[in-house]
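Topology and contacts: notes
Each chain is listed here by its residues.
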Amino acid sequence: MGYSLRTERYRYTEWEFGAEGGELYDYEKDPREVHNIVEDPAAAPLRSQLQERLHAAIQRRGAHIPA
């Protein structure tokens, strides 16, 4: 199962809470979602920020996030 968070500029997705990978797209630079930047070291701070927001949204809906 995957969960996504969409902002005006980015879409961040985790598959199985990151165990099966993830996706991060910058719609300003890549509106067609061709370049997944989730593993790009330069995107690590952004990925962490979006991951935190995504997990908070999932928990608000009552789902449990595995450790």
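It should be emphasised that the depicted structure is a prediction, and the values quoted were computed from it without experimental measurement.

Some details on the pairing of strand β2 (residues 10-15)
Most of β2 is tucked away: 5 of the 6 residues are buried. Between the end of strand β1 (residues 2-6) and the start of β2, which pair antiparallel, lie 3 residues. As defined by bridge partners, β2 adjoins strand β3 (residues 22-26) across 5 bridges and the pair is classed as antiparallel. Paired with R11 across the strands is Y25, a residue of β3. Connecting β2 to the next strand, β3, in antiparallel fashion are 6 residues, including E16 with a positive phi near 50°.

A word on the sheet that holds β1
One open sheet accounts for 3 strands, arranged β1-β2-β3; its pairing is antiparallel. In the strand order of this sheet, the two ends are held by β1 and β3, each with one partner. The mean inter-strand angle of the sheet, taken between neighbouring strand axes irrespective of direction, is 10°. Looking at chain direction, β1 and β2 are connected through 5 bridges and run antiparallel. By the bridge assignment for β2, R6 is matched with R11. Sheet strands in contact with helix α1 (residues 44-60) are β1, β2 and β3, and its direction is about 65° off that of β2.

Quick notes on the rules
- Residues numbered from 1 in each chain as written.
- Predicted model: local features only at pLDDT ≥ 70, side-chain atom pairs only at ≥ 80, totals over all residues.
- Heavy atoms only, no water.
- Buried < 20%, exposed > 50% of the residue type's maximum accessible area, 1.4 Å probe, protein only.
- Helix = DSSP H or I, 4+ residues; strand = E, 2+ residues; numbered from the N terminus.
- Pairing = 2+ DSSP bridges.
- Axes fitted to C-alpha atoms, helices over the stretch in contact; angles between N-to-C directions.
- Contact = heavy atoms within 4.5 Å.

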